[in-house]
Every structure is written in structure tokens, then in C-alpha cells.
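So the chains spell out like this:
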Amino acid sequence: MEKNKIDPQKVLFFRVTQPTQEGEIKPEYYWTSDYFETRKGLRQEIPSELRAVSIILVADLESISKNGGLIEDMNDCEGLSVRQCGLKGFDQRFVLARIRKI
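Residue positions are given per chain, counting from 1 as you read along its sequence in written order. Predicted model: local features are reported for residues with pLDDT of at least 70 only, side-chain atom pairs are reported and counted for 80 or more only, and whole-chain, interface and lining totals are derived from all residues. With hydrogens and water stripped out, all remaining heavy atoms of the structure feed into the side-chain values.

Draft legend 1. Geometry of the pairing of strand 5 (residues 81-84). Remark: exposure states derive from per-residue accessible area (1.4 Å probe, protein chains only) relative to the maximum for the residue type, with buried under 20%, exposed over 50%, and partly exposed in between. Helix and strand definitions here come from DSSP, where helices need a minimum of 4 consecutive H or I residues and strands a minimum of 2 consecutive E residues; each element is numbered from the N-terminal end. With burial as the criterion, each face of strand 5 is covered, one bearing Ser-81 and Arg-83 and the other bearing Val-82 and Gln-84. Paired strands are those between which DSSP finds at least two bridges. Bridging between strand 4 (residues 70-73) and strand 5 involves four bridges; their strand directions are antiparallel. Note that in strand 5 the partner of Leu-70 across the bridge is Gln-84.

This is the structure in C-alpha cells:
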């Protein structure tokens, strides 16, 4: 990325998850660059009752890479899918945006 002069603060990644309660921090390991994967996909992975309250987290590449770095994942149709290497939780308060999934 540095060689190609790509600023990781300007690259957006997305994740479908459940909202956390105040002060709760939980793992958010898997992220994708494909917004539509999070919007329309994951129907088999997320039961319908959880999909009803799901949110989409929007974070920049730099923020999500701080948990031990990233490795490429294979579970994406159109975008780049990554997994955080570290096992720490991810504080949802530090995302750029939360989109309610309807």
C-alpha cells in the first residue's frame, strides 16, 4: 500500500454485526471492502431474528488493522475480505459510521 501511495485511512471496510451495549467490547474479526456483501449477503450465516437488529459497521483499513494486523480471507464474492490477526475486541464507538440494516 505504501508503495502505491494508498492511505489506509481512506480505504473503507464493512462488517455486519450486532450492536453492543455501552462499554461492551467484543471481537469483530471479519471485514470486507464490499458494502453490498454486508447489505445483501450473509443470509445463511445470520439467522433472521438477528438480521432484524443487525448493523453495518464502517471503519477505515488503518483502524481495523490495529488488532494484530490483517490476513486475507476467502469468503467474499466481489470485494477484499480480511480477518484481524489479533484476538482483542473491537470497540464499536471508534467506527466511522453505523448503518442500521433494514
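Still to come is the rest of the account.
Draft legend 2. Region of interest: the environment of Arg-51. Locating Arg-51 in the fold gives a position in helix 2 (residues 48-51). The spacing of Arg-51 and Lys-26 is 25 residues in sequence and 18 Å in space, taken between C-alpha atoms.

Draft legend 3. Representation of the packing of aromatic side chains within the structure. To pair, rings of Phe, Tyr and Trp, with the six-membered ring standing in for Trp, must have centres within 6.5 Å; the planes then decide the type, stacked if under 30 degrees apart, edge-to-face if over 60, and tilted in the middle. On inspection of all chains with the given rule, the structure shows three aromatic pairs. Where Trp-31 meets Phe-90, the ring centres are 5.3 Å apart and the plane angle is 65°; that geometry is what we call edge-to-face. You can see Trp-31 sitting in strand 2 (residues 30-32) and its partner Phe-90 sitting in the loop between strand 5 and strand 6 (97-100), a full 59 residues away along the chain. In terms of burial, Trp-31 and Phe-90 fall into one category: buried. Note on Tyr-35 and Phe-36: the rings are 5.4 Å apart at their centroids and 75° apart in plane angle, and the pair reads as edge-to-face. Here a set of aromatic residues connected by ring pairs shows up, and it is made of Phe-14, Tyr-35 and Phe-36. Charge over a ring is defined by NZ of Lys or CZ of Arg lying within 6 Å of the ring centre and within 35 degrees of the ring normal. The cationic tip of Arg-83 hangs over the ring face of Tyr-29; the distance from NZ or CZ to the ring centre is 4.4 Å.

Draft legend 4. The confidence of the model for the protein chain, seen in detail. Values of pLDDT, ranging from 0 to 100, describe the predictor's confidence in every residue of the model. Taken over all residues, the pLDDT of the protein chain has a mean of 88, while the share at 70 or more is 94%. Mean pLDDT in the protein chain bottoms out at helix 2, which sits at 80, and peaks at strand 3 (residues 55-60), which reaches 96.

Draft legend 5. The arrangement of the pattern of salt bridges in detail. One side-chain nitrogen of Lys or Arg within 4 Å of one carboxyl oxygen of Asp or Glu is enough to make a salt bridge. In this structure the tally under the stated criterion is four salt bridges. Among the ionic pairs, Arg-15 bridges to Glu-28, the shortest N-O distance being 2.3 Å. Of the two residues, Arg-15 is situated in strand 1 (residues 12-17) and Glu-28 in the loop between strand 1 and strand 2; the sequence distance between them amounts to 13 residues. Residue Arg-15 is classed as buried on the basis of its relative accessible area of 16%. When its relative accessible area of 0% is taken as the criterion, Glu-28 is described as buried. Residues participating in the shared-partner salt-bridge network are Arg-15, Lys-26 and Glu-28.

Draft legend 6. Spotlight on the nonpolar core. Of all hydrophobic cores here, the largest spans ten residues; its members are Phe-13, Trp-31, Ile-55, Leu-57, Ala-59, Leu-61, Ile-64, Val-82, Phe-90 and Val-95. Looking at this core, the elements with two or more residues in it are strand 3 and helix 3 (61-64). Among the elements that line this core, the one with the most residues is strand 3, at three residues. When checking whether two residues touch, look at their non-hydrogen atoms; a contact exists if any pair is within 4.5 Å. Aside from chain neighbours lying at most four places away, what touches Phe-13 is Trp-31, Thr-32, Ser-33, Leu-57, Val-58, Ala-59, Leu-61, Ile-64, Leu-80 and Val-82. Side-chain atoms within 4.5 Å are what join buried Ala, Val, Leu, Ile, Met, Phe, Trp, Tyr and Cys residues into a set we call a nonpolar core. Membership of the second largest hydrophobic core comes to five residues, among which are Phe-14, Ile-46, Ile-56 and Val-58.

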